[in-house]
Amino acid sequence: MSEEKVISVDQTTLQMLDKAKNEGLETAWDRKVAQKAACGFGSAGVCCRNCTMGPCRVSPVPGKGAERGICGATADVIVARNFARMVAGGAAAHADHGRSIVLELLHASPNGAIQVKDEKKLKKVAARFGIETEGRDVYDVAHELAQAGLRDFGRQEGHIVLPPTVPAKRKEIWEKLDIVPRGFDREVVAIMHSTHIGCMADAEAILKMGLRCGLADGWLGSYMATEFSDIMFGTPHSRPTEASLGVLEHNQVNIVLHGHEPVLSEMIVAAAEMPEMIELAKSQGADGINLCGMCCTANEATMRHGVKLAGNFMQQELAVITGAVDALVVDVQCIFPALAKLSESYHTKFITTSPKARITGATHMEMDEAAPLKTGIAVVKEAIMNFKNRDKSKVMIPEAKTKAEVGYSTEEILNKLDGVVNSHIGPMQSTKPLADVIVAGVIRGAAGVVGCNNPKTVHDEGHLEVIKGLIKNDIIVVTTGCAAQAAAKAGLLTKEAKELAGPGLKKVCELVDIPPVLHMGSCVDISRILELVGMTANQLGVDISDLPVVGIAPEYMSEKAISIGNYVVASGIDTWLGVVPPVTGGPEVVDILTNRIEEWVGAKFFVETDPHKTVEQIVNRVNEKRKKLGI
Ligand code: SF4
Ligand code: SF4
C-alpha cells in the first residue's frame, strides 16, 4: 500500500490498481516500471535521428564527450529542433481537431444531424471574419464562415485573422518578433522543414518558429475549434454533474466516451437519449443507458450536457478494469493503444471511430461524416447488445462519486459577473467586475491549471496541491483538460469549496455565486482562457503580460501540452511546468525558455516539480506583477 500511495492520491485509482494486480493485468504504471530508467540522452533532448547519418547523440554536459552530431549540429540545435517538433506535433493535433470542426460547420444543415444551435455566437464569430450577417440565411452565413476558417488553415499569404481579444500591445510584440502566424498548416510544415537536416541551426530562431506555430494553435486552431463547436453544439452554461470511476452503474449500459472531438460525443448523447434506444436497453435487462466520459471528450460532453466524468488520462485503463464498461468509444488523441488488449480480458467493446486513429485489435466503426447520427446509433446499439455479456463476478465499481459544477464558458462567466453589476451603471457582459476585484486586491490574481496526467508524478497530486494552494492565497483558478477532472473528483468544482479559499476569493465566490475553481472545458478550450484574459487586459488598457495571471501544467505529458505552453508564454502569461521537458541538454535553450524569452514576450517558463514550491513561486510572481501595475 505504501508503494501505491506514491502512485495516486485518488482512492478509486488505488482500488482499481489492486484489482488489476489481483487479476494479473498490466497498466501504464507497470509499463513505466518495465521501461526502467529513462535514457539520459532522450531525457535531456540531445539525441537526434533526423537523418540516416545518425542517430547521433551528443553530450548533455558542455565540454565533455561528443559535442556535435555528424552534420555538426550542436546540443542546443538538436534540443531546439526536437522541442520545435514537439510543438509542431501538438499544434498539428489541435489543427486537425479544429479543421474537422470547421468542416462540420461547412456541412451543417437545418435538417441534418449537425445544426446551428447558437446563432448569436455564429453572428459574433462571423463579424470578426468580416462576414455580413444582417438579413442573411443562417446556414449561408455558417457556410461562409466555415470557408473563411478553412482559409486560415491553409493560408499561403498574409496572416491569420486574429480575434479582437488580442490586445493591440500584444499584436505589436508579435509583429516585431515576426511571430504572427501565417496559415496554421503552414506553420507546422515550416517547422518540419526547418528542422530537417541542413536547415535551421540557430536555437533562438528555431524557438521563435515554435512560438509562431504555438500561436497558430492557441489563437486560431483551438480558438476556432471552441467557437465553432459552440455554434453547432451550444455554448456551455453552468450545470451539475458527478465525477469519479464511481459514476459507472451496475444496472445500466455503461458507455465511456474517450478522446477529443465533440462530434462523436454529441452524436452518442443524441442516440442514447432516443426512446427506442432506452427501450432496447431495457429489453436487454438494463435499467437504462449511462453515459460517462474520460479526458477531453468528457469535458466537451459535460460542459454541454452534464455527462458524468469517469476519470482522467491515467484512469482510462482503470475504467475497463471495473468490468462494468460495455463500450469504450474513442476518436482521436490520448487513447492508450493498450486498451485493445486490456479489453479482451473483459466483455468491453473497444470501439474506434476515426480514420485518424485506428488501433489494432479494436472494433472499428468509422464515423460516417455525411450521416454522423447513424454512427452514433450504431455504436450505442453495439454497447446495449453487449450488456448481457457483462460478467458480474468480475465487476467492481468503486463507491466514490463527487458532485461538481461544470460549464463555465466565457459567456457563462460574463453572465455570472452581470449578477454583481448595477444595470443602471453597467457595463453588462464585461470583465469589469473581475478586473475591479483584481485591481482592488480582493483576489490577487488568476491561474489556469491545465494539462494531463503523467506516471512520472503522483497521479492528481500536482493538480490538487497547486489548485488548493492557489485558492487559499486568493488566486482564482480556471481549469481545463485532465486537471479539471482531478479537481472535479476532489470536490473542488463545487460552491462549498469556497471554504478552502482565502477570504477575498471566498467573498467573490459568494457574491458571484460560483465555485473558486471554474471548469472551462477541454484542452482546445484553453482558448476560452485566452479570450477571458485578453478581454480583461483590454478592459484595463494593458497588455496580457501586465496582468497577475499565470498558467500551470502540473502533470503534463503530451506534445499538445508543449504547444499550449508555447502559446500561453507567447501570449504573455508565465507558465509553470511540473514535469521537466526534454531540453536540459541545451544550455542556451534552457536560458532562452526560462529567462531570455521574457525580454521577447514578457513571460517565461518555470520548471518546478514540487507543487508547494510552485504555489510559493506563483504567489511571489503575482505579487511582483501587481506591484509593477501599481495595484
Ligand atoms: S541531422 Fe545531424 S545530428 Fe541529426 S542524425 Fe543527422 S547527422 Fe546526426
Ligand atoms: S489534458 Fe492531456 S491527457 Fe488529458 S486529454 Fe488533454 S492532452 Fe490528453
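- Looking at an unreviewed UniProt entry, one finds the protein named Carbon monoxide dehydrogenase, with Clostridium magnum DSM 2767 as its source organism.
- What the UniProt record of the protein gives under Cofactor (unreviewed entry) is the line "[4Fe-4S] cluster".
- We quote the UniProt Catalytic activity (unreviewed entry) comment for the protein here in full: "CO + 2 oxidized [2Fe-2S]-[ferredoxin] + H2O = 2 reduced [2Fe-2S]-[ferredoxin] + CO2 + 2 H(+)".

### Here we look at the site of ligand 2
Working step 1: Of all residues adjacent to ligand 2, which total 13 residues, the nearest are His260, Cys334, Cys452, Cys482 and Cys523.
Working step 2: Looking at the shell around ligand 2 residue by residue, the classes come out as eight nonpolar, four polar and one charged.
Working step 3: When residues are assigned to domains, the shell around ligand 2 turns out to be shared by domain 2 (245–394) and domain 3 (409–629), each giving three or more.

### Quick notes on the pairing of strand E8 (residues 349–352)
Working step 1: Here strand E7 (residues 327–330) runs beside E8; their pairing, made up of four bridges, is parallel. By the bridge assignment, Val330 is partnered in E8 with Thr352.
Working step 2: Of the crossover connections in this fold, the one passing from E7 over helix H15 (residues 338–343) to the parallel E8 is right-handed.
Working step 3: Both E8 and strand E9 (residues 363–364) contribute to a ladder of two bridges, which runs parallel. Within E9, the position partnered with Thr352 by the bridge is His364.

### Describing the UniProt feature "binding site: [4Fe-4S] cluster 1" (unreviewed entry) in the protein
Working step 1: UniProt records the feature "binding site: [4Fe-4S] cluster 1" (unreviewed entry) at Cys39 and Cys47, using the numbering of this structure. Residues from the named set that contribute to the lining of the largest pocket are Cys39.
Working step 2: Looking at where Cys39 falls in the secondary structure, it is placed in the loop between helix H3 (28–34) and helix H4 (40–44).
Working step 3: Judged by its relative accessible area of 46%, Cys39 is partly exposed.
Working step 4: Along the polypeptide, Cys47 turns up in strand E1 (residues 47–48).
Working step 5: Non-local contacts of Cys47, meaning those with residues more than four positions away in its chain, are made with Phe41, Gly42, Cys56, Arg57, Ile78 and Asn82.

### Thoughts on the UniProt feature "binding site: [Ni-4Fe-4S] cluster" (unreviewed entry) in the protein
Working step 1: Within this numbering scheme, the UniProt entry marks His260, Cys296, Cys334, Cys452, Cys482 and Cys523 as carrying the feature "binding site: [Ni-4Fe-4S] cluster" (unreviewed entry). For the residues just named, distributed over 264 residues, the greatest C-alpha separation is only 13.1 Å, placing them together at one site.
Working step 2: As for its position among the elements, His260 is in the loop between strand E4 (253–258) and helix H11 (262–272).
Working step 3: Sequence-distant contacts of His260, defined by excluding residues within four places in its chain, comprise His97, Cys296, Thr297, Glu300, Asp331, Val332, Gln333, Cys334 and Lys560.
Working step 4: Examined against the element boundaries, Cys296 turns out to sit in helix H13 (residues 295–305).
Working step 5: The exposure class of Cys296 is buried, given its relative accessible area of 2%.
Working step 6: Not counting residues within four places of it along the chain, the set of residues in contact with Cys296 comprises Gly259, His260, Gly481, Ser522 and Cys523.

### Examining the domain arrangement of the protein
Working step 1: Here the domain parsing of the protein yields domain 1 (75–233), domain 2 (245–394) and domain 3 (409–629).
Working step 2: For domain 1 versus domain 2, the distance between C-alpha centres works out to 30 Å.
Working step 3: Listed per partner, the contact involves 14 residues of domain 1 and 12 residues of domain 2.
Working step 4: A combined buried area of about 1,100 Å² lies between domain 1 and domain 2, and 59% of that area is made up of carbon and sulfur atoms.
Working step 5: The tally of links between domain 1 and domain 2 comes to one salt bridge.
Working step 6: The shortest N-O distance in the salt bridge between Arg304 and Asp230 comes to 2.8 Å.
Working step 7: Scanning the region where domain 1 abuts domain 2 turns up three residue pairs in polar contact (both at pLDDT 80 or more).

### What to know about unusual backbone geometry
Working step 1: Pro55 follows Gly54 through a cis peptide bond whose omega is 5 degrees.
Working step 2: Within the secondary structure layout, Pro55 lies in the loop between E1 and strand E2 (56–57).
Working step 3: With a phi close to 60 degrees, Asp178 is a non-glycine residue in the positive phi region.
Working step 4: By the secondary structure assignment, Asp178 is in the loop between helix H8 (168–177) and helix H9 (184–194).
Working step 5: Of note, Cys334 is a non-glycine position whose phi angle comes to about 65 degrees, a positive value.
Working step 6: Structurally, the position occupied by Cys334 is in the loop between E7 and H15.

### Considering the nonpolar core
Working step 1: Within the largest apolar cluster, 151 residues are counted, with the highest numbers of intra-cluster contacts made by Leu105, Leu145, Trp219, Phe228, Leu470 and Ile552.
Working step 2: Counting residues per element, this core draws most heavily on helix H10 (residues 203–233), at 17 residues.
Working step 3: Setting aside residues no more than four positions away along its own chain, Leu105 makes contact with Val116, Ala142, His143, Leu145, Ala146, Phe228, Ile231 and Met232.
Working step 4: Of all hydrophobic cores here, the second largest spans 38 residues; its members include Leu17, Leu248, Met314 and Phe350.

### Quick notes on the site of ligand 1
Working step 1: Around ligand 1, the neighbouring residues are Cys48, Asn50, Cys51, Met53, Gly54, Cys56, Gly69, Ile70, Cys71, Arg81 and Ile197.
Working step 2: Looking at the shell around ligand 1 residue by residue, the class counts come to seven nonpolar, three polar and one charged.

### Some thoughts on the packing of H10 against helix H22 (residues 526–540)
Working step 1: Interhelical geometry of H10 versus H22 gives an angle of 100 degrees and a closest axis separation of 8 Å. It follows from the interaxial angle that H10 and H22 lie roughly perpendicular. In contact with Gly218, Trp219, Ser222, Tyr223, Thr226 and Asp230 of H10, H22 contributes Ser527, Arg528, Leu530 and Glu531.
Working step 2: Taken together, the residues that form the contact of H10 with H22 break down as three nonpolar, four polar and three charged.

### A look at the packing of helix H18 (residues 432–440) against H22
Working step 1: Contact pair H18 / H22: the axes reach a minimum separation of 9 Å and the direction vectors enclose 70 degrees. By the angle between their axes, H18 is roughly perpendicular relative to H22. Of H22, the residues touching H18 (which contributes Lys432, Leu434, Ala435 and Val439) are Thr536, Gln539 and Leu540.
Working step 2: The residue makeup of the contact of H18 with H22, split by class, is four nonpolar, two polar and one charged.

What counts, and where the lines are drawn
Residues numbered from 1 in each chain as written. Chains lettered and ligands numbered in written order. Predicted model: local features only at pLDDT ≥ 70, side-chain atom pairs only at ≥ 80, totals over all residues. Heavy atoms only, no water. UniProt positions renumbered as here; feature names shortened; annotations may be inferred. Near = heavy atom within 4 Å. Nonpolar A, V, L, I, M, F, W, Y, C, P; charged D, E, K, R; others polar. Domains from an automatic or database assignment. Pairing = 2+ DSSP bridges. Helix = DSSP H or I, 4+ residues; strand = E, 2+ residues; numbered from the N terminus. Right-handed = clockwise from strand over helix to strand, strands pointing away. 1 Å grid on protein atoms, 1.4 Å probe; cavity = no way out; pocket = protein on both sides within 12 Å on 5 of 7 lines; lining within 4 Å. Buried < 20%, exposed > 50% of the residue type's maximum accessible area, 1.4 Å probe, protein only. Contact = heavy atoms within 4.5 Å. Buried area = accessible area lost by both parts, 1.4 Å probe. Salt bridge = Lys/Arg side-chain N within 4 Å of Asp/Glu carboxyl O. Polar contact = N/O pair within 3.5 Å; in protein donor to acceptor, adjacent residues only side chain to side chain. Core = buried A, V, L, I, M, F, W, Y, C linked by side-chain atoms within 4.5 Å. Axes fitted to C-alpha atoms, helices over the stretch in contact; angles between N-to-C directions. Parallel < 35°, antiparallel > 145°, perpendicular 65-115°, else oblique.

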